[in-house]
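Close look at the chain arrangement
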Amino acid sequence: MEKKLKLLTYGCQMNVADSERMAGLLRQIGYGLTDDADDADLILINTCCVRATAEDKVFGQIGRFKALKRLKPNLILGVTGCMAQKEGANLIKRAPHVDFVLGTGQSSEVARVVRSLELERRHIVDTSNVSGEIPSEVFPLRGGSVSTFVPIMYGCNNFCTYCIVPHVRGRERSRPPEEIFAEVRQAVAEGFKEITLLGQNVNSYAGGMTFAELLTACDKLGVERVRFMTSHPKDLSDALIAAIADGQNICEHIHLPVQHGSNEILRRMNRGYTVEKYLRLVEKIRAAIPHVSLTTDLIVGFPGETDDDFSATLNFLREVKFDAAFTFIYSKRSGTPAATFPNQIDDETKHRRLAELMNVQNEISLAKNSALVDTAVDVLVEGASKTDEKIFTGRTRSNKLVLFTHGSERAGDIVRVKITHAQTFLLKGDIIRT
Ligand code: SF4
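First, a word on what this report is: a plain description of the structure on this page. From a predicted model like this one, the values you see are computed outputs, not experimental measurements.

1. Here's the deal with helix 12 (residues 307–320)
Each full turn of the α-helix corresponds to 3.6 residues, which orients residues three or four apart in the same direction. Taking 1.5 Å of rise per residue, the 14 residues of helix 12 would be expected to cover 20 Å, and the 20 Å separating its terminal C-alpha atoms lies within 8% of that figure. Inspection of helix 12 places Asp309, Phe310, Ala312, Thr313, Leu317 and Val320 among the buried residues, and these make up the whole buried set. The arc that holds every buried residue of helix 12, seen down its axis, measures 150°, which confines them to one face. The exposed set on the far side of helix 12, more than 90 degrees from its buried face, consists of Asp307, Asp308 and Glu319.

2. Details of the site of the ligand
In the vicinity of the ligand, the residues found are Cys156, Asn158, Phe159, Cys160, Cys163, Val165, Pro166, Gln200, Asn201 and His232. Residues of the shell around the ligand, tallied by class, amount to 6 nonpolar, 4 polar and no charged.

3. Let's talk about the environment of Ala40
Along the chain, Ala40 falls in the loop between strand 2 (31–33) and strand 3 (42–47). Distance in space between the C-alpha atoms of Ala40 and Thr375 is 48 Å, their sequence separation being 335 residues. Among all residues touching Ala40, those that are not within four sequence positions of it are Lys4, Leu5, Lys6, Thr34 and Leu75.

4. Topic: the packing of helix 9 (residues 238–246) against helix 11 (residues 275–288)
It is at 9 Å that the axes of helix 9 and helix 11 come closest, and there the two elements cross at 25°. In terms of their interaxial angle, helix 9 and helix 11 are classed as roughly parallel. Relative to helix 11, the crossing made by helix 9 is right-handed. Only Lys284, Ile285 and Ala288 of helix 11 make contact with helix 9, whose side of the interface consists of Ile241, Ala242 and Ala245. Per-class residue counts for the contact of helix 9 with helix 11 are 5 nonpolar, no polar and 1 charged.

5. A short note on the environment of Arg416
On the secondary structure map, Arg416 appears in strand 18 (residues 414–422). In this structure, Arg416 is in contact with Ala376, Asp378, Ile431 and Ile432, ignoring residues within four places of it in sequence.

6. A word on the sheet that holds strand 10 (residues 194–198)
Taken together, 3 strands build an open sheet; the order of strands is 7-10-11 and the sheet is parallel. Both outer strands of the open sheet, strand 7 (147–151) and strand 11 (225–229), are each paired with one neighbouring strand and no more. Going from strand to strand, the sheet's axes swing by 25° on average, the running direction of each strand aside. In the sheet, strand 10 pairs with strand 11 via 5 bridges, with the strands oriented parallel. Within strand 11, the position partnered with Leu197 by the bridge is Phe228. Relative to strand 7, helix 7 (residues 177–189) is tilted by about 165°, and along the sheet it contacts strand 7 and strand 10. Against the sheet, helix 8 (residues 211–219) engages strand 10 and strand 11, with an angle of about 155° to strand 11.

7. Observations concerning the pairing of strand 16 (residues 391–395)
The sheet contact formed by strand 15 (residues 376–384) and strand 16 spans 4 bridges and is antiparallel. Within strand 16, the residue paired with Gly383 across the bridge is Thr393. Count of turn residues in the strand 15/strand 16 antiparallel hairpin: 6 residues. Sheet topology note: the strand 16/strand 17 (residues 401–405) ladder contains 5 bridges and is antiparallel. In the sheet register, Ile391 faces strand 17, and the bridge partner there is Thr405. If you look at the hairpin formed by strand 16 and strand 17, you'll find 5 residues sitting between the two strands, and Asn399 has a positive phi there, around 75°.

8. Here we look at the sheet that holds strand 1 (residues 3–9)
Read from one edge of the open sheet, 6 strands run 2-1-3-4-5-6, paired in parallel fashion. Bordering the open sheet on either side are strand 2 and strand 6 (124–126), each of which pairs with just one other strand. Within this sheet the neighbouring strands show an average axis-to-axis angle of 25°, counted without direction. Packed on one face of the sheet, helix 1 (residues 13–27) meets strand 1, strand 2, strand 3 and strand 4 (76–81) and runs near 170° to strand 1. Lying on the sheet, helix 5 (residues 110–119) is in contact with strand 3, strand 4, strand 5 (100–102) and strand 6; it crosses strand 5 at an angle near 170°.

Reading the values: rules and limits
Think of each chain on its own: its residues are numbered from 1, step by step along the sequence as written. For this predicted model, a pLDDT threshold of at least 70 governs which residues receive local features, and a threshold of 80 or more governs which side-chain atom pairs are given and counted, while totals over whole chains, interfaces and linings are taken from all residues. Strands here are runs of E lasting at least two residues and helices are runs of H or I lasting at least four, both read from the DSSP assignment and numbered beginning at the N terminus. Helix span, expected: 1.5 Å multiplied by one less than the number of residues in the helix. Exposure is read from a count of other C-beta atoms within 10 Å of each residue's own; the residue is exposed at 12 or fewer, buried at 20 or more and partly exposed in between. C-beta atoms are placed from the backbone. Comment: arc refers to directions from the helix axis out to C-beta atoms. Put plainly, near means the residue's C-beta atom, positioned from the backbone, lies within 6 Å of the molecule or strand in question. Note on residue classes: Ala, Val, Leu, Ile, Met, Phe, Trp, Tyr, Cys and Pro are nonpolar, Asp, Glu, Lys and Arg are charged, and everything else, Gly too, is polar. Placing a C-beta atom from the backbone of each residue, one calls two residues in contact when those atoms lie within 7 Å. A fitted line through C-alpha atoms represents every axis, and for helices the fit uses only the stretch in contact; the resulting angles, taken between N-to-C directions, go from 0 to 180 degrees. Our angle categories are set so that under 35 degrees counts as roughly parallel, over 145 as roughly antiparallel, 65 to 115 as roughly perpendicular, and the remainder as oblique. Handedness of each helix crossing follows the sense of rotation of the near helix against the far helix: counterclockwise by less than a right angle gives left-handed, clockwise gives right-handed. A pair of strands is treated as paired once DSSP finds two or more bridges between them.

Structural data, given as C-alpha cells:
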C-alpha cells in the first residue's frame with residue numbers, strides 16, 4: 001500500500017522546486033502526496049529563514065505536530081531547507097519530536113534517511129554539505145497542472161549584507177543546459193503550459209552558455225510561456241533584453257529587485273548598483289520591450305535608514321512606476337553583516353514607513369492596471385477562483401492576475417479577455433468569444 005507524504009513548503013519558489021524534487025525521490029520509495037497531515041506517514045517541512053516571521057511560522061507548525069506524533073508513534077517528522085541548514089541540531093534540541101533535520105545541500109539524501117528511520121528510530125541531523133544537489137536523473141513530483149518551476153542554478157555569490165541566502169544555500173552552481181532542457185521537455189510532456197526558470201540570480205548563469213542563450217533555447221522547446229526569476233539589476237545584460245524582445249513565448253515581465261531608492265543604503269546593502277544605473281536599465285528595458293511589466297522588491301527600515309533615505313525610495317517609486325512591488329520590513333538575520341550595523345531602526349518607524357510605501361505603490365499599481373481597462377489581453381487559465389466557482393482566474397503574459405466569468409474553458413487554455421475593471425492587485429474582464 002502506498003505510504004502518505006504531507007509536504008509543507010515555506011518561502012520562495014526555489015523551496016517549492018526543492019520540495020517537488022524531494023517528493024520525486026520519496027515517490028521512488030513508495031510515498032505519494034496527501035493534503036491531510038492526520039493521514040500522513042511522513043511529514044516534511046521545507047523551511048525558509050529569510051525573515052524571522054518565516055522561522056516563527058515553522059516553529060509554530062513543528063509544535064502543532066507534537067500531539068499528532070504522540071497519537072501516531074510511527075509518523076516520521078522531518079525538517080529540511082534553509083532554516084534546517086541554519087539551525088541544525090538546535091532544532092532537535094528545541095523540538096525532540098522532530099526525527100530528522102537535513103540542510104539545503106542534503107535534500108538528495110531524504111529518501112535514504114527516511115528509509116533508515118523506517119527501520120530504526122533515532123535522531124538524524126546532516127547539514128554538512130551546503131553545496132550538494134539532487135541528482136539530475138530524479139524528476140520532480142510536481143504540484144499544480146499549469147505552471148511549474150525549473151531551477152537552473154543554486155546558491156548565490158552576492159552577499160548582500162542583509163541576506164542569509166549565500167550562508168544557507170552556498171555558492172552559485174549552474175546546472176548544465178542539457179539537464180535543464182530535459183526537465184523543460186518533461187514538464188511540457190506532462191502538460192505544463194508555463195515554466196519559470198529559477199535561480200537566486202539567473203543573470204549570472206554559467207552552465208556553458210549565457211542566461212540569454214539559455215532562455216532563447218528554452219523558448220524553442222514547445223512551452224506556451226517561459227518566465228524567469230530572479231534578476232539581479234547589476235547583471236542584467238543587453239543580450240537578455242534582446243532575448244525577451246525577440247522571443248516568441250518569453251513573457252514580457254521582469255522582476256528586478258531594487259531593494260532601496262537611496263544610494264547610501266544600496267552601498268551599505270552591497271547591491272553593486274546605484275539608483276542612476278538602475279534607472280538607466282529601466283529606460284533601456286522599456287525602450288526595447290514597450291509592454292514590459294516591471295516588478296520589484298523593497299526593504300524598509302534597513303539599519304541607518306534616515307527620513308531622507310526613505311523619502312528617496314518614495315520618489316524613486318514615483319519615478320519608475322513599477323507594476324507591483326513586494327515590500328518587506330528589514331529583518332535582522334544573525335550571521336549577516338547588517339545584523340551588527342549600528343542605528344537599527346525601531347519597529348514603530350519600520351511599520352509606519354512600510355504603510356507609507358505601500359500606499360504610494362498601491363496608487364501606482366492601480367493606475368497601471370486602470371490603463372488596461374478596455375484593452376484585450378491573453379490570459380492563461382489557472383482554474384476556478386477560491387471564492388466563486390463561476391469565476392475563473394488566470395494570468396496575462398505580464399503576470400497580472402485576471403478574473404473572468406467561466407464558460408467551457410479549462411485550466412491551461414489561453415483565452416482572450418477584454419478588461420472591464422481594474423483593482424490594485426487584479427483585473428476583471430470578459431472573455432472575447434469569436
Ligand atoms: S542577490 Fe543578494 S538578496 Fe539575492 S539571494 Fe543573493 S545575497 Fe540574497
